[in-house]
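Residue-level structural notes
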Amino acid sequence: MGDSKSDLIKQVIEALSVDLAVLRKAALETHSSSTDSQSKQEGKYDTQGIEAAYLAGAQAEKVIDLEEHISKLQQISGDDLADAAPVSQGAMIVVSTDEDDLSYMMLPAGGGMSLAYQGLDFIVVTPGSPIGATLLGKHIGDTIELPKHGNSFISDLW
C-alpha cells in the first residue's frame, strides 16, 4: 500500500485507467458491430444495428466521462490540509460515531473504492454522493448526520 495521500490518489487513477481501457475496447467492438454488414436491418422489426449504435454512443460518452475524472484526479494535490481548512477535494476525513470511527477520502471520482492508509480503510466519496455532500465544507469538530449512523462528528481531517 501507499505511503502517502498521493499514492492513494494514484491507486484510484490506476483503477479508473484499467476501467477506461476495458471500456474503450468494448466501445470500439460495439461500434464495429453496429457498422458491420452483418448488422444491416433485415426487416422492419430487426433493430440489432440500431441498438448496437445506441450502445456504442453511450459507451463513448462513458469513455469521455472517465477521461475527465482521471484528469481531475491528476490535478489534486497530495498535500495535507491546513489545520483550519474545510473538507475539500483530496481530504481524508475520520468521522466518529457513538460506536465506531468511519474513514473517508473526498475525490471527484472513484466513489465506493476502499483504500488502506495508516491502518484505516478509507472509502472514497464524491461531492455528489449523500455522504460527500454532507462532509463537504465541514471542519474538525463539526457535528453531522450520517445515514445509518445518526449524529456524528468530524474527529480528524488531513
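Here's a quick rundown of the structure. Keep in mind it's a predicted model, so treat the numbers as computed, not measured. All residue numbers here refer to positions counted from 1 along the written sequence of the relevant chain. It should be noted that, the model being predicted, local features are given only for residues of pLDDT at least 70 and side-chain atom pairs only at 80 or more, the latter also being counted only at that level, while totals for whole chains, interfaces and linings use all residues. Neither water nor hydrogens contribute to the side-chain values; these are computed over all heavy atoms in the structure.

1. Some remarks on the environment of Trp-158
Looking at where Trp-158 falls in the secondary structure, it is placed in the segment after strand E6 (150-157). Assessed through its relative accessible area of 12%, Trp-158 is described here as buried. If we skip the residues at most four places from it in the chain, Trp-158 touches Lys-5, Asp-80, Leu-81, Gly-90, Ala-91, Met-92, Val-94, Tyr-117, Gln-118, Leu-120 and Phe-122. Each helix is a run of DSSP H or I of at least 4 residues and each strand a run of E of at least 2, with the numbering of both proceeding from the N terminus. The classification of residues rests on relative accessible area computed with a 1.4 Å probe and restricted to protein chains. Under 20% of the type maximum is buried, over 50% is exposed, and intermediate values are partly exposed. The criterion used for residue contact is that any of the two residues' heavy atoms lie within 4.5 Å.

2. Overview of the pattern of salt bridges
Here a salt bridge means any side-chain nitrogen of Lys or Arg lying within 4 Å of a carboxyl oxygen belonging to Asp or Glu. Within the structure shown, the criterion is met by two salt bridges. Arg-24 is paired through a salt bridge with Glu-67; the nearest N and O atoms lie 2.3 Å apart. Here Arg-24 is found in helix H1 (residues 5-35), whereas its partner Glu-67 is found in helix H2 (residues 48-74), with 43 residues between them in sequence. Given the relative accessible area of 33%, Glu-67 is considered partly exposed. With its nearest N and O atoms 4.0 Å apart, the salt bridge here joins Glu-29 to Lys-25.

3. Let's talk about the packing of aromatic side chains
Pairs were defined over the aromatic rings of Phe, Tyr and Trp, the Trp ring being its six-membered one, requiring ring centres within 6.5 Å. Orientation was assigned from the angle between planes: stacked under 30 degrees, edge-to-face over 60, tilted for the rest. Summed over all chains, the structure comprises three aromatic pairs. Each ring, one from Tyr-117 and one from Phe-122, has its centre 6.1 Å from the other, and the planes form 65 degrees; the classification is edge-to-face. Pair check on accessibility: Tyr-117 and Phe-122 agree, each one buried. Here the aromatic residues Tyr-117, Phe-122 and Trp-158 are joined through ring pairs into a cluster of three or more.

Shape descriptors only; they carry no functional weight alone.
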